[in-house]
Amino acid sequence: MLALTMGDPAGIGGEIMLRAWRLLHRSGPAFAALDDPERLAAIDPGVPLQLVSHPSEADFASALPVLRVPLTVPATPGRPDARNAPAVIASIEQAVRLAQRGDAAGV
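Attention in this report is confined to the structure presented alongside it. Numbering of residues starts from 1 in every chain and runs along the sequence as written. Confidence filtering applies because this is a predicted model: local features only for residues at pLDDT of at least 70, side-chain atom pairs given and counted only at 80 or more, and all residues used for totals across whole chains, interfaces and linings. Values shown for side chains rest on all heavy atoms present in the structure; no hydrogens or waters enter the calculation.

**Some details on the sheet that holds strand β4 (residues 64-68)**
Alright, step 1. Should DSSP find at least two bridges between two strands, the strands are regarded as paired. We count a stretch as a helix when DSSP gives it H or I for four or more residues in a row; a strand needs E for two or more, and each element gets its number in order from the N terminus. Pairing is parallel across the open sheet formed by four strands, whose spatial order is β1-β2-β4-β3. At either margin of the open sheet sits one strand with a lone partner, and together these are β1 (2-5) and β3 (49-51). Within the sheet, the average angular offset between the axes of one strand and its neighbour, ignoring direction, is 35°.
Alright, step 2. By the bridge criterion, three bridges tie β3 to β4 in an arrangement that is parallel. Convention adopted: a line fitted to C-alpha atoms gives each axis, helices being fitted over their contacting stretch, and angles between N-to-C directions are expressed from 0 to 180 degrees.

Structure below.
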């Protein structure tokens, strides 16, 4: 399983991630989102989300696994907010830790 970081919450990464799940959930490759589930649900409420604490708990075929990384403030598309920088950094750090431990095949 791959670990996908959130990128800038005001950018298009969430849309790309959700579209990728729609296209790949039956065939893979599998990935887990390190992101704020509320943000993802607001972008596309039709994508089922599965909150997990570890990628091994995921059932990628039936829902997008999300390791929760909460935002400080709600994201506004096209308007980056420095207050969300700690969440972006935490997403990257957590993804790297998963890869270093062998719990994710890549970031």
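**Here we look at the pairing of β4**
Alright, step 1. Counting buried positions along β4 gives four out of five residues, so the element sits mostly inside the fold.
Alright, step 2. Pairing between strand β2 (residues 31-35) and β4: three bridges, direction parallel. From the neighbouring strand, Ala33 faces β4, where its bridge partner is Val66. Each residue's exposure class comes from its accessible area (1.4 Å probe, protein chains only) as a fraction of the maximum for that residue type: buried when under 20%, exposed when over 50%, partly exposed otherwise.

**Some details on the pattern of salt bridges**
Think of it this way: side chains of opposite charge can pair up when their charged atoms draw near.
Alright, step 1. A pair is scored as a salt bridge if a Lys or Arg side-chain nitrogen falls within 4 Å of a carboxyl oxygen belonging to Asp or Glu. In total, this model carries five salt bridges according to the counting rule given.
Alright, step 2. A salt bridge links Glu38 to Arg68; the nearest nitrogen and oxygen atoms lie 3.9 Å apart. Of the two residues, Glu38 sits in helix α2 (residues 37-43) while Arg68 sits in strand β4, which places them 30 residues apart along the sequence.
Alright, step 3. For Arg68, a relative accessible area of 47% puts it in the partly exposed group.
Alright, step 4. Of the charged contacts, one joins Asp81 and Arg83 as a salt bridge, the two residues approaching to 2.6 Å between their closest N and O atoms.

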